[in-house]
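In case you want the letters, here they are:
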Amino acid sequence: MRASNRLAIDIDAVSPSNNSVFSNKAILRESAVLLRILPLTAAVFVAGCAIRPLPENVSGVTTPTIVKQIRCETRQAIIDLTLGWLTADENLRNRRVDPQAHAIGWEFKNRRRPIAQFEPKLFHGHVRDVVDTFYTAGVAYTFDLEMTEANNLRAELNLLKPFTDSNLKFGLKGQADRSRKNQRLFTLTDNFGGLLKLPEHYCSGESIGRDYSHLVPPDYIYPITGNIGVKGFLADFINMSIFDNLGGPKDEPKGPPTLVDALEFQTMVSGGVTPSILFTQVTPGLQVVDASFTGEAIRTDLHKITMGVAVTKPGLRSLGQLRAYPAFPSLLLISARPKTSAEAIAADAVNQALTLNLFRTNIVVAR
């Protein structure tokens, strides 16, 4: 998946006149983008002094902070998906979770228990199988951060030598183009249980002595510094692992269930200045007619994040049990109990359709 942003001061590029339907939300978002273009363009000129281009030159967000934000987003996604499933009243009514698991889920959701105490042994039955399967699931993030700066300078000087019946005019031009590029590559690994056991202050400003949260909204100009949609990615991984027999990577398709997303974000910011001066002739000798100077700064950031998640060997046994159930009780959305294999197949098809509706996102905008 690739997202590309090319930033320039071009009002027509975001004009709603080219769209028959242009939502208020989109207008507000694009307006916010425009308001941020000028400060970012100014930042490009300042960043032009950097020998080693880094993300913070333009975004103000350092690499360690980017890493923390993505780890904290992953941690919060695990918490939201797990506690949302355990505490849903519908899941309790339809016996997808048992009363004890439901009550425990609420204890964590209401913060009567710290999330660091969450572990599989608190549960039993099908809920225990689900938690066992994914508690040890591994997460890997490979970052490829590429930053390129170009600073181009051009100068032009026109000279004039008057004669009796003619003028001699000639120009001098000069150009200096400079560019710098930095590519930062690294990989981090986590697991679901380990992320839950991170101290609470890791995702707050306490770790850096500031009133700040590392749980941030999406950033449509510099996407890597905002929310990158981990929650949906993990929900897809869990559902496909249980219901769709998700396999391993291409070189080991029968290996542990694995899902990988390769995200690519590109942001280009550019700006320039072109001052000129025109001289008035005052002497008959050689003189300067006009002079101009052009300065241009271009910053291109290409950021790639390859994020993979996989069930590990400790979770494979419980996953096998989940897949072996004729109709998975923990997530069964129908009350009927099939008596034949044909009924079970039909019921499973209906259950899958209901499951899609259960996990479909509904957005309600207050008026």
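Above this text you will find the structure in question.
In this report, we go over the structure that sits alongside the text. Just so it is clear, the structure is predicted and the values come from calculations on it, not from any experiment.

All chains considered together, the criterion is met by 4 aromatic pairs. Between Phe-118 and Phe-123, the ring centres sit 5.4 Å apart and the planes meet at 50 degrees, which makes this aromatic pair tilted. In this structure, Phe-118 and Phe-123 share a single accessibility class: buried. Taken together, a centroid distance of 4.7 Å and an interplanar angle of 10 degrees make the contact between Phe-143 and Phe-186 stacked. Of this pair, Phe-143 sits in strand E2 (residues 138–162) while Phe-186 sits in strand E3 (residues 167–191); the two residues are 43 residues apart in sequence, bridging distant segments of the chain. By relative accessible area, which is 22% here, Phe-186 ends up partly exposed. Here Lys-68 stacks its cationic end above the ring of Tyr-202, 4.8 Å away from the centre of that ring. Over the face of the ring belonging to Trp-106 we find Lys-109, whose NZ or CZ atom lies 5.2 Å from the ring centre.

Further remarks concern the state of the cysteines. On inspection of all chains with the given rule, the structure shows 1 disulfide. One disulfide bridge connects Cys-72 with Cys-203, the sulfur atoms lying 2.1 Å from each other. One quick way to see it: the torsion about the S-S bond of Cys-72 and Cys-203 is about -100 degrees, and its sign makes the bridge left-handed. Taken as a pair, Cys-72 in helix H3 (residues 63–87) and Cys-203 in the loop between helix H7 (192–196) and helix H8 (230–243) lie far apart in primary sequence, 131 residues in all. Owing to a relative accessible area of 9%, Cys-203 belongs among the buried residues under this scheme.

Next up on the list: the pattern of salt bridges. Applying the stated rule across the entire model yields 11 salt bridges. Between Asp-80 and Lys-231 there is a salt bridge, with its nearest N and O atoms 4.0 Å apart. A residue pair is termed long-range when its members are at least 10 positions apart, and Asp-80 in helix H3 and Lys-231 in helix H8 qualify at 151 residues. On the basis of relative accessibility, which here comes to 33%, the residue Asp-80 falls in the partly exposed class. On the basis of relative accessibility, which here comes to 41%, the residue Lys-231 falls in the partly exposed class. Note that Glu-119 is salt-bridged to Lys-121, the shortest N-O span being 3.7 Å. Relative accessible area serves as the criterion here: at 25%, Glu-119 is assigned to the partly exposed category. One network of salt bridges, in which partners are shared, links Glu-149, Arg-180, Arg-299 and Asp-301.

Glancing now at the packing of H3 against H8. The geometry of H3 relative to H8 is characterised by a closest axis approach of 9 Å and an angle of 50 degrees between their N-to-C directions. Taken together, the axis directions place H3 and H8 in an arrangement best described as oblique. When the axes of H3 and H8 are compared, the crossing they make is right-handed. Along its contact with H3, which presents Glu-73, Thr-74, Ala-77, Ile-78, Asp-80 and Leu-81, the element H8 presents Val-230, Lys-231, Leu-234, Ala-235 and Ile-238.

Another aspect to go through is unusual backbone geometry. A positive phi angle is found at Arg-95, which is not glycine, with a value near 60 degrees. Secondary-structure assignment places Arg-95 in the loop between helix H4 (89–93) and helix H5 (99–109). Positive phi outside glycine occurs at Asn-245, with the angle close to 55 degrees. Within the fold, Asn-245 resides in the loop between H8 and strand E4 (258–273). Given a relative accessible area of 54%, Asn-245 falls into the exposed group.

Calculation criteria
Residues numbered from 1 in each chain as written. Predicted model: local features only at pLDDT ≥ 70, side-chain atom pairs only at ≥ 80, totals over all residues. Heavy atoms only, no water. Phe/Tyr/Trp six-rings, centres within 6.5 Å; stacked < 30°, edge-to-face > 60°. Buried < 20%, exposed > 50% of the residue type's maximum accessible area, 1.4 Å probe, protein only. Helix = DSSP H or I, 4+ residues; strand = E, 2+ residues; numbered from the N terminus. Lys NZ or Arg CZ within 6 Å of the ring centre and 35° of its normal. Disulfide = S-S within 2.5 Å. Salt bridge = Lys/Arg side-chain N within 4 Å of Asp/Glu carboxyl O. Axes fitted to C-alpha atoms, helices over the stretch in contact; angles between N-to-C directions. Parallel < 35°, antiparallel > 145°, perpendicular 65-115°, else oblique. Left-handed = near helix turned anticlockwise from the far one by under 90°. Contact = heavy atoms within 4.5 Å.

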